[in-house]
Amino acid sequence: MKVLLVGNPNAGKSTLFNALGGGHAKVGNWHGVTVGALEQEMTLGGRRVTLVDLPGMYAEQGMSMEEKAARSYLAAHPASPVIFVCECGALARCLPLFFAVAAGRRAVIALTKAKRFFRSGGRMDLRLLEKRLGVPVFVAEGLKKRALLAQAARVLSAPVVLRREVSLGEAYRPARVGLSRADALFTDARFAFPLFFLLLAAAFFVTFAPHCLGDIMKGGVEALFSEVLAARAAGIRSPVVRSLLAEGLLPSLGGVLSFLPQIALLFFFLILMEESGFLSRLAYLTDGFFAAVGLNGRAVFSLVMGFGCTAAAILTTRGLDDRRVQRRTVACLPYVACSAKLPVYLTLSASFFRNAFLGAALLYALGILMALAVALFTKGREEPPFLLEMAPLQLPRPLFVCKTLLFQIKQFIIKVGTVILAFFLLSWMLSAFDWSFRLCAAEESMLAAICGGLKWLFAPVGMADWRIAYAALSGLVAKENVAGALALLCGGFPYGAASAFAFAVFVLACSPCVSAIAAAARELGWRRALLNAALQTASALLLSYVAYFVWRGGWVLLPVVLAPAAAFLLLRKHHARVHRPRRGDPQKLHR
Amino acid sequence: MVLSECRRGARVQVLHIHAEEALALRLRALGLTAGATATVLRVSPRRKVFLVGTEEALFALGAPVAAQVEVRP
């Protein structure tokens, strides 16, 4: 039997899902976190059930793709009982949705965010509410797991809900809704924008700047691999095992793992932003700007998520109400630098910037500009509608932040220990042995024979080198592979500043990893996802040539090229097509 | 008048929503029902986005959406 968690976005369904079943559904203080149905087996009231966390919905016939997904799931399971999760402060307005989805089913109502409701002057009488609504009602906040399970189990014996209109009367008094002092500040552009840029600068500084926390922790991990473990590996007698460890795994895996502290710091700042409710305010403040490039403020959620993981960010686009905006946002996301690109950027920026902080900041800024340029280029005629409920402003909960951060770190280590390790083992084997399986130099190896023809890919940027091409294309599996492959095959990046910048631009602009391509395929279909990936990789190669040219002194010509292009994109008008039928066949005359 | 013509701080009563069904349902789910009271809490400098509060929700809506909500002071 399935038990469905249904309710408005950001009501607390995923938090309840995790609390009841011990799951790890993604939770965040913004609307649209859960993008698909999550299922988990558990015991409820002595019975084995499947608890299902559905995406949030405002109305039964909702307009977003998430709402359609939830509606389809409900329709496919007409007899499944429902735990309707609702914020205390939103109970009255959620009743139409409750009766719409719960009619004909057994249901209970789980109320969340009670403390905030009472603090804002709201009042309710649970017994009276149960009497008026005809279903069990309980406050989920503050309950221990056993009590929570007992309350949730009431759904199995609850009466079947009949669709009707109900007035809450004296059972419920709504809380005051308005702008708090904090909200007045965070929705004022004169305060919020400088604060946002300050936070961003602080995050970058702490993570990337020399002698700051991220850099110090990275140095510690590097020292562990390059001095302690490498010294031990050098003493191994077997030449094959010594080559595997000292020349293979330690430089490549060590190179990737040394960035773990900085990736963790980046996720820490992202989690703070998600959890605080600041993202909703940012969406409100930036909607006018995003509308100018054909998106809307809602896209800010996906773009900010893109700094963590492109695949996860693509999935959040399901919360967008317009399919065309979704397609454009998905096309922009690969240019936003995800955490996996961080090792590559820091490795390469050391070649063209003395200060890694400035180099990384430049690449991040370039990625955002390219994402906006893509949005502008693909802008349509119509402005997508913008309607977004503000998530409550709150101080991030320390326990929640720690748990989420540890989960992200665990995911990264698992990825390194599986996909990336397998890739490096294969790369080492192919680059350390010839076709007779004898140890040899990389230039005589199987990998050199297979990939030799690729060396012309980056010849125009001063790198006629199959190793660089192999490292670049290894990013299609996982972006972390690029830095590791450079360490494995070249012992670092062996070329100058102009080539390093060109290579960084390629990594910035090329297709995302296979996980992101698969996520895009789920949203847009395989044909469009693969076409996007191919176009991005091809254009990334051309952009890397342009970047090399610019770095070598061609920057003086940039304004001559960019100014007319920008003017065209910003000022172009979309003319309606005029058709005149001829003998029954419509003929396109002009745009 | 419509919501997009209101100034910051205006307290209005919703008369009718002239949007397509899906959008109208979403607006009603946020408390913008006929007869409900709404307050325009913030207006962006170029009047592109409005921050509106009803009895139970705080939400942002773009000017084109606000222009589809008929209100009276």
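This one's a predicted model, so the numbers in the text were calculated from it and none came from an experiment.

A word on the side chain of Ser-445 of chain A
- Note on placement: Ser-445 of chain A falls in the loop between helix H18 (398-432) and helix H19 (446-451).
- In this view, Ser-445 of chain A contacts Leu-430, Ser-431, Ala-432, Phe-433, Asp-434 and Cys-440 of chain A; residues no more than four positions away in its chain are not counted.

Describing unusual backbone geometry
All names here are of chain A.
- The residue Lys-113 is not glycine, and still its phi comes out positive at about 55 degrees.
- Tracing the backbone shows Lys-113 in the loop between strand S5 (107-112) and helix H4 (114-119).
- Despite not being glycine, Phe-437 has its phi angle at roughly 60 degrees, a positive value.
- By the element assignment, Phe-437 lies in the loop between H18 and H19.

Considerations on the nonpolar core
All names here are of chain A.
- Membership of the largest hydrophobic core comes to 135 residues, with the highest contact counts inside it found for Tyr-364, Phe-458, Leu-486 and Phe-503.
- Those residues in contact with Phe-503 that sit more than four places away from it in its chain are Leu-348, Phe-458, Met-463, Ile-468, Ala-472, Val-482, Leu-486 and Phe-493.
- Of all hydrophobic cores here, the second largest spans 37 residues; its members include Cys-86, Val-101, Leu-129 and Val-135.

Observations regarding the domain arrangement of chain A
Residue and element names in this part refer to chain A.
- Under the domain assignment used here, chain A contains domain 1 (2-173) and domain 2 (190-569).
- In this assembly, 19 residues from domain 1 lie in contact with 26 residues from domain 2.
- Both faces considered, domain 1 and domain 2 share a buried interface measuring about 2000 Å² in area, 56% of it formed by carbon and sulfur atoms.
- Here domain 1 is connected to domain 2 by one salt bridge.
- Across the pair Arg-93 and Glu-389 runs a salt bridge, and its minimum N-O distance is 2.7 Å.
- Here domain 1 and domain 2 share three residue pairs in polar contact (both at pLDDT 80 or more) between them.

Overview of the pairing of strand S3 (residues 47-53) of chain A
Residue and element names in this part refer to chain A.
- For S3, the buried fraction is high: five of the seven residues fall into the buried class.
- Bridging between strand S1 (residues 2-7) and S3 involves four bridges; their strand directions are parallel. What sits directly across from Val-3, in S3, is Leu-51.
- The pairing of strand S2 (residues 38-44) with S3 spans seven bridges and is antiparallel. The partner of Leu-44 across the bridge, within S3, is Arg-47.

So, the packing of helix H20 (residues 466-474) of chain A against helix H21 (residues 480-490) of chain A
Residues and elements named next belong to chain A.
- Remark: H20 packs on H21, axes separated minimally by 7 Å, with the N-to-C direction vectors making an angle of 155 degrees. Viewed along their axes, H20 and H21 adopt a mutual orientation that is roughly antiparallel. Helix-helix and strand crossings are classified by hand; for H20 and H21 the assignment is right-handed. Residue-level inspection shows Trp-466, Arg-467, Ile-468, Tyr-470, Ala-471, Ala-472 and Ser-474 of H20 in contact with H21, the latter providing Asn-481, Val-482, Ala-485, Leu-486, Leu-489 and Cys-490.
- Its residues placed into classes, the contact of H20 with H21 shows 10 nonpolar, two polar and one charged.

With respect to the pairing of strand S4 (residues 58-62) of chain B
- Counting buried residues along S4 of chain B, five of its five residues qualify, which places the element largely inside the surrounding structure.
- Side-chain alternation along S4 of chain B places Leu-58, Ala-60 and Gly-62 of chain B on one buried face and Phe-59 and Leu-61 of chain B on a second face that is also buried.
- Bridge count between strand S9 (residues 387-389) of chain A and S4 of chain B: three bridges; the pairing is antiparallel. Considered in S4 of chain B, the bridge of Leu-387 of chain A is made with Leu-61 of chain B.
- Relative to S4 of chain B, strand S3 (residues 49-53) of chain B runs antiparallel, the two sharing five bridges. Note that in S4 of chain B the partner of Leu-51 of chain B across the bridge is Ala-60 of chain B.
- Joining the antiparallel neighbours S3 of chain B and S4 of chain B is a turn of four residues.

Some words on the pattern of salt bridges
- One pass over the full model with this rule turns up 14 salt bridges over all chains.
- The partner of Glu-67 of chain A in a salt bridge is Arg-26 of chain B, and the shortest N-O contact between them spans 2.9 Å. One end of the pair, Glu-67 of chain A, is in helix H2 (residues 65-76); the other, Arg-26 of chain B, is in helix H1 (residues 21-29), on a second chain.
- For Lys-113 of chain A, the salt bridge goes to Glu-87 of chain A, with nearest N and O atoms at 3.6 Å. Note that Lys-113 of chain A is positioned in the loop between S5 and H4 and Glu-87 of chain A in strand S4 (residues 82-87), a separation of 26 residues in sequence.
- With relative accessibility at 18%, the residue Glu-87 of chain A sits in the buried group.

Considering the sheet that holds S9 of chain A
- Read from one edge to the other, the open sheet built from six strands follows the order S9(A)-S4(B)-S3(B)-S2(B)-S1(B)-S5(B), with strand pairing classed as antiparallel. The open sheet is flanked by S9 of chain A together with strand S5 (69-72) of chain B, the only strands paired with a single partner. Between one strand and the next, the sheet's axes are offset by a mean angle of 40 degrees, whatever the strand orientation.
- Taken together, the four bridges between strand S2 (residues 37-43) of chain B and S3 of chain B define a ladder with antiparallel strand orientation. Counterpart to Arg-42 of chain B in the pairing with S3 of chain B is Leu-51 of chain B.
- Of the strands in this sheet, S9 of chain A together with S2, S3 and S4 of chain B touch helix H12 (residues 278-292) of chain A, which is tilted by about 145 degrees from S3 of chain B.

A look at the sheet that holds strand S7 (residues 137-139) of chain A
Residue and element names in this part refer to chain A.
- The strand order across the open sheet formed by six strands is S2-S3-S1-S4-S5-S7, and the pairing between neighbours is mixed. Strand pairing shows two members of the sheet lacking a second neighbour, S2 and S7, which therefore form its edges. Strand after strand, the sheet turns through a mean of 25 degrees between neighbouring axes, direction not considered.
- Sheet strands in contact with helix H3 (residues 91-102) are S1, S4 and S5, and its direction is about 165 degrees off that of S4.
- Packed onto the sheet, helix H6 (residues 145-153) meets S2, S4 and S7 and runs at close to 95 degrees relative to S2.

Points about the environment of Pro-210 of chain A
- Relative to the elements of secondary structure, Pro-210 of chain A occurs in the loop between helix H8 (189-208) and helix H9 (213-234).
- Sequence-distant contacts of Pro-210 of chain A, that is, excluding residues within four places in its chain, are made with Asp-215, Asn-355 and Phe-357 of chain A.

Quick word on a nonpolar patch on the surface
Residue and element names in this part refer to chain A.
- Side chains of Leu-224, Val-228 and Leu-229 sit close together on the surface and give an oily, nonpolar patch of about 230 Å² of accessible area.
- Mapping Leu-229 onto the fold places it in helix H9.
- Taking relative accessible area as the criterion, Leu-229 reaches 34% and is therefore assigned partly exposed.

Section: empty space enclosed by the protein
- Applying the stated criterion across every chain yields a total of four cavities of 30 Å³ or more.
- In this structure, the largest cavity occupies an estimated 200 Å³ of space.
- In this structure, the largest cavity is lined by 22 residues; those nearest its centre are Arg-298, Gly-319, Asp-321 and Leu-387 of chain A together with Arg-26 of chain B.
- Take the lining of the largest cavity: its biggest share by element is three residues, from S9 of chain A.
- Looking at the lining of the largest cavity residue by residue, the classes come out as nine nonpolar, six polar and seven charged.
- Two domains each put at least three residues into the lining of the largest cavity: domain 1 (2-173) and domain 2 (190-569) of chain A.

What counts, and where the lines are drawn
Along each chain, residues carry numbers from 1 onward, in the same order as the chain's sequence is written. Here the convention is simple: chains get letters from A, ligands get numbers from 1, in the order in which they are written. With pLDDT at 70 or above as the cut-off, local features in this predicted model cover only qualifying residues; side-chain atom pairs require 80 or more to be listed or tallied, and sums for whole chains, interfaces and linings still use all residues. To obtain the side-chain values, all non-hydrogen atoms of the structure were used and water was disregarded. Here a strand is any run of E in DSSP of at least two residues, a helix any run of H or I of at least four, and the numbering for each starts at the N terminus. Two residues qualify as a contact provided that any one of their heavy atoms is within 4.5 Å of a heavy atom in the partner residue. In this description, a nonpolar core means a group of buried Ala, Val, Leu, Ile, Met, Phe, Trp, Tyr and Cys residues linked to one another through side-chain atoms lying within 4.5 Å. Note on classification: 1.4 Å probe, protein chains only; a residue is buried when its accessible area is under 20% of the maximum for its type, exposed when over 50%, partly exposed between these limits. The split of the chain into domains comes from an automatic or database domain assignment. The term buried area refers to how much accessible surface (probe radius 1.4 Å) is lost by two components on association, counted for both of them together. Here, a salt bridge means any Lys or Arg side-chain nitrogen found within 4 Å of an Asp or Glu carboxyl oxygen. For this analysis, a polar contact is any N or O atom pair within 3.5 Å, provided that within protein one partner can donate a hydrogen and the other can accept it, and provided that sequence-adjacent residues contribute only side-chain to side-chain pairs. Pairing between two strands requires that DSSP report at least two bridges joining them. Helix axes are fitted only over the stretch in contact, all axes being lines through C-alpha atoms; the angle between N-to-C directions runs from 0 to 180 degrees. Oblique is the label for any angle not covered by the other classes, which are roughly parallel (under 35 degrees), roughly antiparallel (over 145) and roughly perpendicular (65 to 115). Left-handed is the label given to a crossing in which the near helix is rotated counterclockwise from the far helix by less than a right angle, and right-handed is the label when the rotation is clockwise. When residues are sorted by character, Ala, Val, Leu, Ile, Met, Phe, Trp, Tyr, Cys and Pro go into the nonpolar class, Asp, Glu, Lys and Arg into the charged class, and all the rest, Gly among them, into the polar class. Residues enter patches when their relative accessible area tops 30% and they take part in no salt bridge; the joining distance is 9 Å for like charges and 5 Å for the nonpolar side chains Val, Leu, Ile, Met, Phe, Trp and Tyr. The method behind every accessible area is Shrake-Rupley, applied with a 1.4 Å probe, and residues are considered shielded solely by the protein chains displayed. Using only the protein atoms, space was sampled on a 1 Å grid; points where a 1.4 Å probe fits but cannot get out form cavities, open sets with protein on both sides within 12 Å along at least five of seven lines form pockets, and lining residues are those with an atom within 4 Å of a point. Grid points are joined across faces, edges and corners, and a volume is the space filled by probe spheres set on the points.

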